[in-house]
Amino acid sequence: MDKPLCSNSTEAAGPRDEDAGALPLGYSRRMPPTGDPREASEGRPPGILYLDHHATTPLDSRVLDAMLPYLREEFGNPASTSHALGWSAEAAVEDARERIARALGARPSEVVFTSGATESNNLALLGLFGAAGGGHAISVESEHPAVLDPCAQLERLGVEVTRLPVSHQGLIEPEAVEAALRDDTRLVSVMAANNEIGVLQPIDRIGALCRARGVFFHTDAAQAAGRIELDVQAGAIDLLSLSAHKFYGPKGIGALFVRGRDPRVRLEPRQWGGGHERGLRSGTLPVAQIVGMAKALELCLEEREAEQGRLLGLRDRLWARLSADLEGVRLNGHPELRLAGNLNVAFEGVDGERLILALPGLAISSGSACASATPGPSHVLTALGLPRALASASLRFGLGRSTTEAVVDQAAERVVEAVRKERSV
Ligand SMILES: *Cc1c(COP(=O)(O)O)cnc(C)c1O
């Protein structure tokens, strides 16, 4: 069936033909690029060293391939029960739900599709307490704003919230969680992996102690999914948030695991409509994104060991270069209990924002990362006890699939040069 480019009669003439002619040889708008899928999936824009994989990851081309049929011919609404297009859309969604559930050790009926981790966190926290309010929740100072802000909203609804401090390496002690539990505590929310310093919290131990005390346990696993082992049974997790664009899937799709039994978590919906997702999240399901999310998660799990080992080597190489070539650098966060692809470094005597401006070809984030709307140093870094000046002097490096030794070496060279220059003025 393979036809040479532009031989298709519908594209034989007119402006479309000119469009197609502008594409690089071997590419067509109607076919995905051929060749090594890993190469095509690197998604590295020319001239940019992308070291911001905590902010988002490029869509894997194998994921795009899995999605395309559902953006073209298989466009049905999974809620349409009266015809075949609806049935095949529903079958695709349920297949994806099963695969995502399997990846988490969950049952398919426990997976609720959302628009991303922000929505999942909101549904988990606000949905658990419901409109009635009251009671007590525990979270941590270094959480993502998508947990901290719903916590603030809970307080407005009359829920008391305890925000536990972290150690200077960013860890939360399970004993501290235990000590903060009260008779009216209904929920503990602790992230699996931190988005700024990559620190891995002891969620299994926290889950176990919550279970023993009859308190629900939620974890924001947006950064952890696909990178570390996650099992909702072994971890005694009752609610878990996912976001596909953090693991090489599409943006705008996520999921919330909601434990269905032993114990069953009952949530109040946050929006109402057609009763989709068993009434928990009304709205037509984005079939292509859901299919893409399942594919992306599977690929990450298949490649996890090799990829995380590779990233660890590259991360250590980057740190070795920076700390050998510069004085006054310090690692933020725990040296070992962190994501393989994460490095967060304070460069004494410089301003992170200025440093980033001096590094236009490098896609990284500063110590005020993730909060470009809120000026000032990162709340995560100040939670470690870092003085404001050092927090503002920090850069976050997020390594991922497109990161090679050459990328690390070039990035290190440019950062070293920029820091020296900044310090000399
Ligand atoms: C990215 C991120 C979120 C937000 O996810 P969206 O899907 O973009 O809403 C929440 N929590 C953590 C830890 C994240 O890294």
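For the structure, see preceding data.
Residues numbered from 1 in each chain as written. Predicted model: local features only at pLDDT ≥ 70, side-chain atom pairs only at ≥ 80, totals over all residues. Heavy atoms only, no water.

K.L.:
Summarise empty space enclosed by the protein; cite the residues concerned and give the values.
P.N.:
Counted according to the given criterion, the structure contains one cavity of 30 Å³ or more. Considered as a void within the structure, the largest cavity measures approximately 80 Å³ in volume. Lining the largest cavity are Gly226, Arg227, Tyr248, Cys300, Glu303, Arg304, Glu307, Gln308, Leu311, Leu399, Gly400 and Arg401. Taken together, the residues of the lining of the largest cavity sort by class into four nonpolar, three polar and five charged. (1 Å grid on protein atoms, 1.4 Å probe; cavity = no way out; pocket = protein on both sides within 12 Å on 5 of 7 lines; lining within 4 Å. Points joined across faces, edges and corners; volume = space filled by probe spheres on them. Nonpolar A, V, L, I, M, F, W, Y, C, P; charged D, E, K, R; others polar.)

K.L.:
Could you give an account of the nonpolar core, naming the residues involved and the relevant values?
P.N.:
With 68 residues, the main nonpolar core has Ile100, Phe113, Val188, Leu240 and Leu242 as its most contacted residues. A per-element tally of this core places helix 9 (residues 287–325) first, with ten residues. With near-sequence residues (within four places) excluded, Ile100 lies in contact with Val111, Phe113, Leu242, Met293, Ala294 and Leu297. (Core = buried A, V, L, I, M, F, W, Y, C linked by side-chain atoms within 4.5 Å. Buried < 20%, exposed > 50% of the residue type's maximum accessible area, 1.4 Å probe, protein only. Helix = DSSP H or I, 4+ residues; strand = E, 2+ residues; numbered from the N terminus. Contact = heavy atoms within 4.5 Å.)

K.L.:
Hey, could you go over the sheet that holds strand 10 (residues 342–347) for me, with residue numbers and the actual values?
P.N.:
The strands making up a sheet associate through backbone hydrogen bonding, with each pair oriented either parallel or antiparallel. With respect to topology, four strands assemble into an open sheet ordered 9-10-13-12, the strand pairing being antiparallel. Of all strands in the sheet, those bounded by a partner on one side alone are strand 9 (329–331) and strand 12 (365–366). Bridge count between strand 12 and strand 13 (residues 394–398): two bridges; the pairing is antiparallel. Counterpart to Ser365 in the pairing with strand 13 is Arg396. Where helix 9 meets the sheet, its contacts fall on strand 9, strand 10 and strand 13, and the angle it forms with strand 10 comes to roughly 10°. (Pairing = 2+ DSSP bridges. Axes fitted to C-alpha atoms, helices over the stretch in contact; angles between N-to-C directions.)

K.L.:
An account of the environment of Asn77 is requested, with residue identities and associated values reported.
P.N.:
Mapped onto the elements, Asn77 comes out in the loop between helix 3 (61–71) and helix 4 (84–104). Separated by 208 residues in the primary sequence, Asn77 and Leu285 place their C-alpha atoms 7.4 Å from one another. In terms of polar contacts, Asn77 uses its side chain to reach the backbone amide nitrogen of Ala79, at 2.8 Å. (Polar contact = N/O pair within 3.5 Å; in protein donor to acceptor, adjacent residues only side chain to side chain.)

K.L.:
I'd like to hear about the packing of helix 9 against helix 13 (residues 405–424), residue by residue, with values.
P.N.:
Close contact between helix 9 and helix 13 brings their axes to 10 Å; oriented N to C, the two are set at 25°. What the angle tells us is that helix 9 and helix 13 run roughly parallel. The handedness of the crossing between helix 9 and helix 13 is right-handed. For the pair helix 9 and helix 13, contact is made by Leu314, Arg317, Leu318, Arg321, Leu322 and Asp325 and by Glu405, Val408, Asp409, Ala412, Val415, Val416 and Arg420, respectively. Of the residues in the contact of helix 9 with helix 13, the class split is seven nonpolar, no polar and six charged. (Parallel < 35°, antiparallel > 145°, perpendicular 65-115°, else oblique. Left-handed = near helix turned anticlockwise from the far one by under 90°.)

K.L.:
Describe in detail helix 13, supporting the description with residues and values.
P.N.:
The end-to-end C-alpha separation of helix 13 is 29 Å, in line with the 28 Å expected for 20 residues at 1.5 Å each. Three or more residues of helix 13 are buried, namely Val407, Val408, Asp409, Ala411, Ala412, Val415, Val416, Ala418, Val419 and Glu422. Along its buried surface, helix 13 packs onto strand 1 (49–50), helix 9, strand 10, helix 10 (352–357), strand 11 (362–363) and strand 13. (Expected span 1.5 Å × (residues − 1).)

K.L.:
Quick one: what's the story with the site of the ligand, residue by residue and with numbers?
P.N.:
In the region of the ligand, the neighbouring residues are Gly116, Ala117, Thr118, His144, Met191, Asn195, Asp220, Ala222, Gln223, Ser243, His245 and Lys246. At a separation of 2.6 Å, a nitrogen atom of the ligand approaches a polar side-chain atom of Asp220. One of the side-chain nitrogen or oxygen atoms of Gln223 is found 2.7 Å away from an oxygen atom of the ligand. (Near = heavy atom within 4 Å.)

K.L.:
Describe helix 9, listing the residues and the values that go with them.
P.N.:
Its 39 residues give helix 9 an end-to-end C-alpha distance of only 49 Å, which falls more than 12% under 57 Å, the value for a rise of 1.5 Å per residue. Where helix 9 bends most, at Arg304, the angle is about 70°. (Bend = angle between axes of the 7 residues up to and from the residue.)

K.L.:
Give a description of the pattern of salt bridges that names residues and reports values.
P.N.:
Side-chain pairs of opposite charge can arise whenever the charged atoms involved come near each other. Throughout the structure, instances matching the rule amount to 25 salt bridges. A salt bridge links Glu298 to Arg99; the nearest nitrogen and oxygen atoms lie 2.6 Å apart. Taken as a pair, Glu298 in helix 9 and Arg99 in helix 4 lie far apart in primary sequence, 199 residues in all. Arg304 serves as the salt-bridge partner of Glu229, at 3.7 Å between the closest nitrogen and oxygen. Of this pair, Glu229 sits in the loop between strand 6 (216–220) and strand 7 (239–243) while Arg304 sits in helix 9, and the two are 75 residues apart along the sequence. Looking at Glu229, the relative accessible area reads 59%, which means it is exposed. Among the charged side chains, a network of salt bridges with common partners joins Asp60, Arg62, Glu303 and Arg401. (Salt bridge = Lys/Arg side-chain N within 4 Å of Asp/Glu carboxyl O.)

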